[in-house]
Structure formats: structure tokens, C-alpha cells
Amino acid sequence: MSYTGKCIYINLTYGTHKIEQTDKSLLQDYIGGKGLGFALLDKIAPNPDPFGAENPLIFVNGPFTGTKIQTSARSTLVSRSPLTGSIHDCHCGGNFGPALKRAGYDYLIITGKSAKPVYIYLTDEKIEILNAMNLWGKGIFFTNDELLKSHPGTNPRIAAIGQAGENLSKMACIGIDKHRQFGRGGLGAVMGSKKLKAVVVDGNTEIKYFDEDKYKEINLQFTKDVLDNDGVKFRRVKGTMKCVRSGQENEFLPTKNFQKCTYDEFEGITSETARKELNWEDTSCFNCAIRCSKWARWDGHEIEGPEYETTAFLGSGCEISDIKEVTISNEICNDLGLDTISAGITCSFAMECFEKGLIEDWSGLELKWGNAKAQQEFLKIMVKKEGVGAIFADGSRIASRKIGKGSEEFAINVFGMEISGVNPLGCLTMGVSVSVSDFASHTRLWCTEAEMGPDFKIEDIPVAVVDGQNEINARNCLVICDFVPLGLDRLAPLLNAATGLDHSEKSLREVGARITDLARRYNLRNGRKHTDDILPERFFKEVAPSGFMKGKVLDKELFDELVKKVYEIRGWNEKGEPK
């Protein structure tokens, strides 16, 4: 059935666990992944303290996770974010999700708090909560290696936190097999608050399908069409870093803390430069022939990446043009367990504060634009919460509230979440999308190409945002990678053959809309208001260098009209409340 039919609840306060049947009542309406995780969080923790024992970490697979479909590595983590206070989902490739399914579980829910550092060892034969004192205070790389030595097993995979999670940085991520991340929203800090250092999963449970013959038949053609796609072939060569050049050419590349949409020295951080300077070798997640990931090996360093977002925010965002320096910063974040997007934007925010002289004591750091070495030291003291690093350790919103002096205007976040993807001054559609999303991420919708098209108009933005977010929500339930270039019409038959569910493209879009409404209700209940659906002030005071607003200042009333139109299409009232 592509589902295992089992889930497991682990309570760290009492050191107990219980195995139950997967909640089948939620599957038709929410399928798996993001949707199922959101429904479970809403059901068991409608109003938790993000660092409270009651706030769960929900590791949840989709029906495609671990199967024979391309990009079936994808898995989801859901919790309430300490960075925003909102309902939150992270998605990760690699191998952790398939390993959790091999362990025999559709989802793992962790609640409670341990009195001392522990890690969980979970297989289809064993469930143990083990002492992690020897790992506490260590980085993700060391932790991963030590746990692999202790649990050789069949094919173990590890989710671990670094010192950022232990120190409850609200930008802390969870590292998967060292170089993949459940990255955004500070869920590494939720894990740290539970004194949970790592989760090791392994097993040999086989995946079964509702109609295996039909699934194989549909999937054969599906795979051929994916691999024959020209965009897939291009991505295999360039990786996600292809967006550095396209961002420069289309004028949406985040530069100098979003003051600019292009970077004069962008050639130093392009995909082509990375392949040459970092000796890139193509690699992939579980069961993926797209192979957009790249191993970088140079001068004794070894890391998977960097990806576009990391490069945009630790690179052009801070005006750093040396790809090796960007990758060293990436390596530091991966080991310490920092989200490179929030950390990169917080670095660029700090550099602008340094330039404007808003803080007197910078702990000896010359945090000037382009100073990569200072950036790397700054990342380390943010994690330790030492000196000036303590001001910025929880992201740009909290830092700006501490600093004041007008810094709130250029702290680039929406409701606490540093925005990702592109500079909204160069792509207004993305600006609307990140403002009305459950959190401000390019993973809610990537639509730069649509806005660059000759027939796309400003009045098309609200419909594009609603339709696009609904589709991505549905894909994040299955779970399947955004880089698969085929739509819900092609995914629905695969889902039905794998699970026995009865979905069409239309019904999958309805699932996507249902998730949006659920998330909206959750967030309104937990402190978000419709007035928070807005970009930072910078974007309403500075002339746009490109895009629809080129040569003009974005009018806040126009932006509000676009947001209200999104509400209208969704059937929400003027306060953004679902009916």
C-alpha cells in the first residue's frame, strides 16, 4: 500500500514509546508528508510552547517516500517553529526518509524532554533511547561518524543537531547524514530543547503497493519522461547553482542585504566556477537520476554543495565573491547546525548594521561587506551566543528589536522568517507569495520564470500564487521533489496505484488548499495577524532596479490589494481568516 500502516510515539520525559496504526482517517484528506504532519500537529498540539515538552517533532513520510518513483528520498519534519511561532514544515532529501520507512514507520512523533542528552535508535526490530553525553557539545560531523560506528546495521541514517541546536539558536537546523538538512524555522532548537542529540533509523521493511503491476507500468513512462526533459538535463550539469546566473541575468539575485538585484562579481560564485574550483562531482539523493547535488572536494575540505540559496545569502547577499570562502562558511554551518538561509541573511543584516555604526562593540570583528573570514568567525560566535554574536543568534527579527535605531526596516524577514529565494524588488510575485505563505520561503512557490514571461501581468499575480501554492502543498504531501518537471495530472495515477486512494489533479489541488486553510487557522490562533502579511519596509522605500516596479518605489496600497485578492480567491475574509 506504499504506507507501512504503523507509526510510533516516543516520550522522552518518561523514556516510553508506543506503536500504533497510522491514522487512516487523515490519509484521504491529507495523504502524507506536509499535509499529514500539519493535521497531526493541529490534532495533538494546537497551541504548544515551541520549547515546551508538548511541542512534538513529527518526522513524517509520504506515500512516495522510499518507493521506485524518481526523487523518492523526500521526507518531512513538522513542529511549531520557535523562530516564527507558526506551524512549520521542513523537507529533506538524502536517505533519512527511506530509512525511516525501512524501519517500518510512516511517521515518528517525539514529545517530552529528557533530563540528560540522549539519542534514539529505531529499527524494525529495536527501539532504544540511549545516552548521548559523549556527543553533547560536538558537531554534526563527529556525531554522525560516531553513531555509524556504534550502529553499523543494514544502512543506518542519522538526523542530528550541532551546537546551534544545543544552544537553542532559533536558526538551528537538523543535519541529515552530515550535509543535508531539515533546515528552516529553528527545529534544531526544538530538538535541542528536548536534549535529543540524534535519531538513528534503520531496517529492512519492504514497501508494498496497492497495484504493483499498474504502478510499475505508469512509473516506467513517468521515469522516461523525467529523464528526457531538457530542464532536468541542464540541472544535472549546473545543479541548483544555475540560479546564480539566471538571477543575475533576470535581475532578482539577492545582493548586499537585498539592496540590489544584481552582483558585479557574480561570476566568482556561479555553477561553472564552483565546478572548476571545487572539483565538483555529481551525486544524488536516494533513487534520483536528476543528480542535482554536487560533492565539493578541495584543499582537504569535503562537503555536499553549496546550493543556490546558501550561495545567494552567504555569498552575494554579503558581497562575498570567492566560491571557496562561501563553501567554507557552508561547511561551518553544516557542522554547527545552522540554517544557511537565515544565517546568511542575518550575516548581511549584521554587515549593514556594522556599516551604519549601530553597535559599538563588534567583538573585534571587522564585519565589512565582502569580509569572508569575519563572516566565518561571526557564524561561530552566533552559535556560541558570545559577544556580539548573542545579539544576532536568533535571527534578524529578534536582533533588530534589540538594536532598534531603524534597523527593523532592513531586517529582511516576514513574521520572523528570513525570506528566501529571490529579491522581491526584482520579482514581485515572489514577494506576494512569501508574504501570504505559512512561512516566507521559496519552497512555498518558485515563480520567477513565470513573472519573466512576456504575457504575465501584475493582475495575474494572485491567481498564480494561489494555484502555485496549492500545487506545491500537494506535492509536499506525496512527497516528491520540486525538480520533477511533471504535474499533478501525472502524479495522481501513480499515487492511486501505490496506495489505493482515489485522487485526481483536481482533488490534489483541493488537498493543497485544505492544508493552506489549516495552516492559516493554526497561525492565527497562535498570534499571526493579517497585518503580518507584508514585506519589510525596505521594499516600500527603495526604487526597484528591475521587475514590474523597475524605476519605481513599490506602493504599499498596491501590494495590499494583491494580498487581499489572494484572500478573496481563497475564500478568506479581509482579515485573512478562512471561512
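Notes on the structure in this doc start here.

What counts, and at which threshold
Residues numbered from 1 in each chain as written. Predicted model: local features only at pLDDT ≥ 70, side-chain atom pairs only at ≥ 80, totals over all residues. Heavy atoms only, no water. Pairing = 2+ DSSP bridges. Helix = DSSP H or I, 4+ residues; strand = E, 2+ residues; numbered from the N terminus. Axes fitted to C-alpha atoms, helices over the stretch in contact; angles between N-to-C directions. Contact = heavy atoms within 4.5 Å. Buried < 20%, exposed > 50% of the residue type's maximum accessible area, 1.4 Å probe, protein only. Expected span 1.5 Å × (residues − 1). Phe/Tyr/Trp six-rings, centres within 6.5 Å; stacked < 30°, edge-to-face > 60°. Lys NZ or Arg CZ within 6 Å of the ring centre and 35° of its normal.

### With respect to the sheet that holds strand E8 (residues 127–131)
Ordered by their spatial adjacency, six strands build an open sheet running E8-E7-E12-E9-E10-E11, and the pairing between neighbours is mixed. One side of each edge strand has no neighbouring strand; the edge strands of this open sheet are E8 and strand E11 (180–182). Recorded for the sheet is a direction-independent mean angle of 20 degrees between the axes of neighbouring strands. Examined bridge by bridge, strand E9 (residues 157–160) and strand E10 (residues 174–176) share two bridges and lie antiparallel to one another. Note that in E10 the partner of Ala160 across the bridge is Gly175. The sheet strands contacting helix H4 (residues 140–150) are strand E7 (118–122), E9, E10 and strand E12 (196–201), and the helix crosses E9 at an angle near 145 degrees.

### What to know about the environment of Ala497
As for its position among the elements, Ala497 is in helix H20 (residues 488–499). With relative accessibility at 4%, the residue Ala497 sits in the buried group.

### Remarks on helix H2 (residues 33–44)
The end-to-end C-alpha separation of H2 is 16 Å, in line with the 16 Å expected for twelve residues at 1.5 Å each. Taking burial as the measure, the twelve residues of H2 include nine buried ones, the bulk of the element. Looking at H2, one finds that the buried residues are Gly33, Lys34, Gly35, Leu36, Gly37, Phe38, Ala39, Leu40 and Leu41.

### Topic: the environment of Val543
Here Val543 is to be found in the loop between helix H21 (505–525) and helix H22 (556–570). Between the C-alpha atoms of Val543 and Leu253, which are 290 residues apart in sequence, the distance is 16 Å. The residues contacting Val543, other than those within four sequence positions of it, are Gly551, Lys552 and Val553.

### Examining the side chain of Asn423
Inspection of the secondary structure puts Asn423 in the loop between strand E17 (417–418) and helix H17 (428–436). If sequence neighbours within four positions are ignored, Asn423 has contacts with Phe252, Pro254, Phe258, Lys260, Cys261 and Phe539.

### Let's talk about the packing of aromatic side chains
Within the structure shown, the criterion is met by 16 aromatic pairs. Both rings, one in Tyr308 and one in Trp446, keep their centres 6.2 Å apart while their planes meet at 85 degrees; by these two values the pair is edge-to-face. Taken together, the residues span a long stretch of sequence, with Tyr308 in helix H11 (residues 308–314) and Trp446 in the loop between H17 and helix H18 (448–452) at a distance of 138 residues. Here the aromatic cluster, defined as three or more aromatic residues joined through ring pairs, consists of Phe349, Phe354, Trp362, Phe378, Phe392 and Phe410. It is Lys197 that lies over the ring of Trp136; its NZ or CZ is 5.9 Å from the centre.

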